[in-house]
Amino acid sequence: MKERLKRSYDSKYQQSMNPFKRIENVLLKNGIIIDQEKKKTFQHDILIVKGKIERIGEILEKNFRGEIVDLSGKTVVPGLLDMHVHFREPGREDEETLMTGAAAAAAGGFTGVCTMPNTEPATDNKEIVEFIADKFKNHLVDVYPIAAITIGRYGKQLVEMAELVDAGVAAFSDDGTSVADSQLLKRALEYSRMFDVPIIEHCEDRQLAADGSMNEGYMSTKLGLTGIPSVAEEIIVARNIMLARYTGGKIHIAHVSTAGSVELIRRAKEEGIQVTCEVTPHHFTLTDEAVAAYDTNMKMNPPLRTSKDVEAIIAGLKDGTIDVIASDHAPHSAEEKEVEFITAPFGIIGLETAVGLAITQLVDKNNFSLIEVIEKLSFNPYRVLGLNLPKITEGAKANLTILDTKTEWTVDRNDFKSRSKNSPFHEYKLKGRSDGVLNNNFLFINEE
Amino acid sequence: MPFSKKHLLGLEGVSSEEINLILDTAVSFKEVLERPIPKVPTLRGKTIVNLFFESSTRTRISFELAEKRLSADTISFSTVASSVTKGESLKDTAQNIEAMKVDMVVIRHYAAGASHFLTHWIKGSVINAGDGCHEHPTQALLDMMTLREKFGALENLKVAIIGDVLHSRVARSNIYGLTTMGAKVALCAPITLIPVEANLWPVKIFYNVDHAISWADVIMVLRIQRERQQANFFPSIREYHNYFGITKERLDRANKEITIMHPGPINRGVELDTSLVDSEYSIILDQVTNGVAVRMAVLYLLSKE
């Protein structure tokens, strides 16, 4: 910890950097374990020795030297990975640092994150990737940085992809915008095939979205706000699918928000095109009616859509069209958000509410099994990125999340570990949350 | 019936009883305005700030006059700030006003929802004098007062709103107000200037202005801003004028008595012929006169809360 403090270039933003307990030997007693591969649940103890799962079964406490955690009534699942977060370092450390973001991830139940490259300067070179990776050395949370597709995210010139892959980049994305130039995106899809990493696209036609600030529909008509039409997303989803088909490259569609996008991706998958996609918890929970009071915490991009879109997204999650749940955690300062709706920046935080929303909205209200949901929060993001799965099996590295799937709680943004508070779910009642995470020889148990 | 609202942010959700109360109160204030000394002590000791973040002549003068006729202490602040030129944030402006203990704030702002925003930071009443493309409730109230004067009642009156409905806060407030009062409302414009899913409002929609005219008792003509052409909402001012402009010839062809309204400012010769603006069909200046009385009524009713 001291060593890390030394390394930090601005200690002002780095307080309480590692709130995690370093622990090598742990005995997890009486947890309900989810075997994500066999799609089964069973109750057992897990013995972890030197960060590895030594044994699963009935294990006596006698003779065990180390931390014993009683998990009666809790569920143990593979460590969750949020493949779409914005930590504002470097650039806007007043909104989030890599370490405050990591603390929010751990509190939310995530043992891994993919940081998006719209930092200032953009994450488009090896040095920034190494800077990010370095912060996460010897940390509970694993980071898999995503680098920009183009230098500065300007959409003009490809980044040095090979070197970036060697530096540990998990994917490429100009997230925040689409690569408008189809020729350039075609080249990126072709070039990236050499490394088998996905190109992640934020799908939005710039001219169609123009200066819109919410979904185009009856609500924007009533509120007098310029709308972002669903077709602004779908036209780029369609283009990207066609480019993936043509090039054989891997495309991952970020934060799908419309029924039309879900349908396009469903058909593309039926055709065997290499396309995967993700959805955010807010897009399967809220609709554009939430904008009615001009609350800027209801402003994000893509915008909240209609109840028809929410239904289509839930159906897409159910039938496997949508692979991944990712938060699109986008911190913004209070002064940026406490302004007129049209002036406010897009984006909301989500790491610390994602699990609760997934359990509430999908398991509780829409009859998903917990296994189905965990697939989209853990195994599938690892699969999309071509990374090793965090299996709960003897001999595997211990990387797991402890869930309480039953407790009802009320979201209080003041309890967030995130440096920003821009959540639309403040005072929202949720069922289920993360109770703790264990990874890289660190254990973190949520208070209370 | 007492007026139950603290703020007037829009006419959506305002009941017909409340609208009638405002209009009846406005009629009695109109009588005050015709006295030799057109002033009453109703709001003596009350402080009202007029915040205008967008240029306005008519609405601002109308509010200021209404406040002075009611003997309120008033301060007007106007700036041509836009979302591009950044000054003090609206939150800071609001908190400063609050710190100076103001009873009411009248706000005109380029951003939809700005008056809602203000209510989070100000304890006094907020009156929306136009927020972006959202609502302009006092304009619709003065329109309804003028129509009630002319027709006696609003029920079943057919009002066609013609022009840039998409960008019009006047249209939105009138749609809510008029339909609440039992009037029939139609919208008429090129499809590109009718907002999406406008059919979910209880309105008729015409794309042919002659059909709208032959349906309507009243046409409410909206201003066409030249910059809309640059954004390709329609090909040219010329084509707009030829196909949607209200001309003497068009009305002669319709061969019916029709009442013409316009919230101003008018682009004479674009959406409405000059000869019609000044014709016997026009009640445009009655609208302006009634504006002061309606605003007096709103200020008075909100001050009683």
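K.L.:
Explanation requested: the overall build of chain B in the structure shown.
P.N.:
Helix and strand content of chain B: twelve helices and nine strands. In terms of overall dimensions, chain B is globule-like: its C-alpha atoms have a radius of gyration of 19 Å, near the 19 Å expected for 305 residues. Taken along the three principal axes of its C-alpha coordinates, chain B extends 55 × 45 × 35 Å. Buried residues in chain B amount to 47% of all 305 residues. Restricting to contacts in chain B with at least 6 residues of sequence separation, those with at least 24 account for 75%.

K.L.:
How should I be thinking about the domain arrangement of chain B in this particular structure?
P.N.:
Interfaces are often described in size by the accessible area the parts lose on coming together. Residue and element names in this part refer to chain B. Examined at the domain level, chain B breaks down into domain 1 (16-136 + 288-303) and domain 2 (137-283). Computed from C-alpha atoms alone, the centre-to-centre distance between domain 1 and domain 2 is 25 Å. Put simply, the parts of the chain that give the side of domain 1 that touches domain 2 at least two residues each are α1 (16-33), β4 (125-131) and α12 (284-303). Here the residues of the side of domain 1 that touches domain 2 are counted per class, giving eight nonpolar, eight polar and four charged.

K.L.:
Explanation requested: helix α2 (residues 58-69) of chain B in the structure shown.
P.N.:
Residue and element names in this part refer to chain B. Given a rise of 1.5 Å per residue, twelve residues ought to cover 16 Å, and the 16 Å separating the end C-alpha atoms of α2 matches this to within 8%. Listed as buried for α2 are Thr-59, Ser-62, Phe-63, Ala-66, Glu-67 and Arg-69. Buried positions in α2, seen along its axis, are confined to an arc of 165° and lie on one side of it. In the core, the buried residues of α2 are packed alongside α1, β1 (47-52), β2 (73-78), β3 (104-109), β4 and α12.

K.L.:
What exactly am I supposed to notice about the interface of chain B and chain A here?
P.N.:
Of the residues lining the interface, 20 residues belong to chain B; the matching set on chain A comes to 16 residues. Only α3 (90-99), α4 (114-119) and α6 (169-180) of chain B provide two or more residues apiece to the side of chain B that touches chain A. Here the side of chain B that touches chain A takes three residues from α4 of chain B, the largest share from any one element. A breakdown of the residues in the side of chain B that touches chain A according to their chemical character gives ten nonpolar, six polar and four charged.

K.L.:
Even after reading the chapter, I still don't get the sheet that holds strand β17 (residues 324-325) of chain A, so can you show me in this structure?
P.N.:
Sheets are built from strands that pair by backbone hydrogen bonding, the pairs being arranged parallel or antiparallel. Strand order in the open sheet formed by six strands is β10-β11-β12-β15-β16-β17 (chain A), with parallel pairing between adjacent strands. Two strands in the sheet have a free side with no partner beyond their single neighbour: β10 (146-147) and β17 of chain A.

K.L.:
Explain the pairing of β2 of chain B to me, please; I cannot follow it from the model alone.
P.N.:
Put simply, side chains in a regular strand alternate between the two faces of the sheet. Residue and element names in this part refer to chain B. Note: β1 against β2, six bridges, orientation parallel. By the bridge assignment for β2, Val-49 is matched with Ile-75. Regarding topology, α2 serves as the crossover connection from β1 to the parallel β2, and that connection is right-handed.

K.L.:
Which parts of the structure should I look at to understand the confidence of the model for chain B?
P.N.:
Close reading of the predicted structure is inappropriate where its pLDDT is low. Counting all residues, the mean pLDDT for chain B is 94, and 97% of those residues have values of 70 or more. This prediction of the complex comes with two scores: 0.94 for pTM and 0.94 for ipTM.

K.L.:
Got a minute to help me understand the domain arrangement of chain A in this structure?
P.N.:
All names here are of chain A. Partitioning chain A into domains gives domain 1 (21-76 + 397-445) and domain 2 (79-384). On the side of domain 2, 44 residues touch domain 1, which itself brings 30 residues to the contact. Of all the elements in the fold, those that place two or more residues in the side of domain 1 that touches domain 2 are β18 (399-410), β19 (429-439) and β20 (442-445). The greatest single-element share of the side of domain 1 that touches domain 2, amounting to seven residues, is contributed by β19. Among the residues making up the side of domain 1 that touches domain 2, the classes are represented as eleven nonpolar, 13 polar and six charged.

K.L.:
Which parts of the structure should I look at to understand the environment of His-426 of chain A?
P.N.:
All names here are of chain A. Mapped onto the elements of the fold, His-426 is located in the loop between β18 and β19. Put simply, His-426 and Asn-414 are twelve residues apart on the chain and 8.9 Å apart in space, counted from C-alpha to C-alpha. Residue contacts for His-426: discarding those within four places in its chain leaves Val-411 and Arg-413.

K.L.:
Would you mind showing me how to read the packing of helix α5 (residues 137-151) of chain B against α6 of chain B here?
P.N.:
The description of two packed helices rests on the angle between their axes and on the distance between the axes. Residues and elements named next belong to chain B. Two numbers describe how α5 lies on α6: the axes approach to 8 Å, and their chain directions differ by 55°. In terms of their interaxial angle, α5 and α6 are classed as oblique. Crossing of α5 over α6 shows right-handed handedness. In this structure, α5 contributes Pro-137, Gln-139, Ala-140, Leu-141, Asp-143 and Met-144 to the contact, and α6 contributes Val-170, Ser-173, Asn-174, Gly-177 and Leu-178.

K.L.:
Explain the packing of α5 of chain B against α12 of chain B here, please?
P.N.:
All names here are of chain B. Between α5 and α12, the shortest axis-to-axis distance is 8 Å and the interhelical angle comes to 115°. For α5 against α12, the interelement crossing comes out right-handed. Within the contact between the two elements, α5 uses Thr-138, Leu-141, Leu-142, Asp-143, Met-145 and Thr-146 and α12 uses Asp-286, Gln-287, Asn-290, Gly-291, Val-294, Arg-295 and Val-298. Looking at side-chain class alone, the contact of α5 with α12 contains five nonpolar, five polar and three charged residues.

K.L.:
I tried to follow the pairing of strand β6 (residues 75-78) of chain A on my own but got confused; where do I start?
P.N.:
Residue and element names in this part refer to chain A. Bridge count between strand β2 (residues 26-35) and β6: two bridges; the pairing is parallel. By the bridge assignment, Ile-32 is partnered in β6 with Thr-75. In this structure, β6 lies alongside β18, joined through four bridges in antiparallel fashion. Across the sheet, residue Pro-78 finds its bridge partner in β18, namely Leu-400.

Thresholds, definitions, all that
Sequence order as written defines the numbering, with residues in each chain counted from 1. All chains are assigned letters beginning at A, and all ligands numbers beginning at 1, according to the order in which they are written. This being a predicted model, a pLDDT of at least 70 is required before a residue's local features are given, and a value of 80 or more before pairs of side-chain atoms are given or counted; all residues contribute to the totals for chains, interfaces and linings. Numbered from the N terminus, helices here are DSSP runs of H or I no shorter than four residues, and strands are runs of E no shorter than two. In this description the radius of gyration comes from C-alpha coordinates, and the expected globular size is given by 2.2 Å times residues to the power 0.38. Think of it as a crowd count around each C-beta: if 20 or more other C-beta atoms lie within 10 Å the residue is buried, if 12 or fewer it is exposed, and in between it is partly exposed, with C-beta placed from the backbone throughout. C-beta atoms are placed from the backbone for every residue, and two residues are taken to be in contact when these atoms lie within 7 Å. Boundaries between domains were set according to an automatic or database domain assignment. Here the term charged refers only to Asp, Glu, Lys and Arg, the term nonpolar to Ala, Val, Leu, Ile, Met, Phe, Trp, Tyr, Cys and Pro, and the term polar to all other amino acids, Gly among them. Working rule for helices: expected span equals 1.5 Å times residues minus one. The directions from the helix axis to the C-beta atoms form the arc being described. Strands pair, by our definition, only if DSSP identifies at least two bridges between them. Crossover handedness is defined by viewing with both strands directed away from the observer: a clockwise path from the first strand over the helix to the second marks the crossover as right-handed. On a range of 0 to 100, pLDDT expresses the predictor's confidence in each residue. Orientation is described by lines fitted to C-alpha atoms, with helices fitted over the stretch in contact, and by angles between N-to-C directions that extend from 0 to 180 degrees. Here the angle decides the label: under 35 degrees means roughly parallel, over 145 means roughly antiparallel, 65 to 115 means roughly perpendicular, and every other value means oblique. Left-handed describes a crossing whose near helix is turned anticlockwise from the far helix by less than a right angle; the clockwise case is right-handed.

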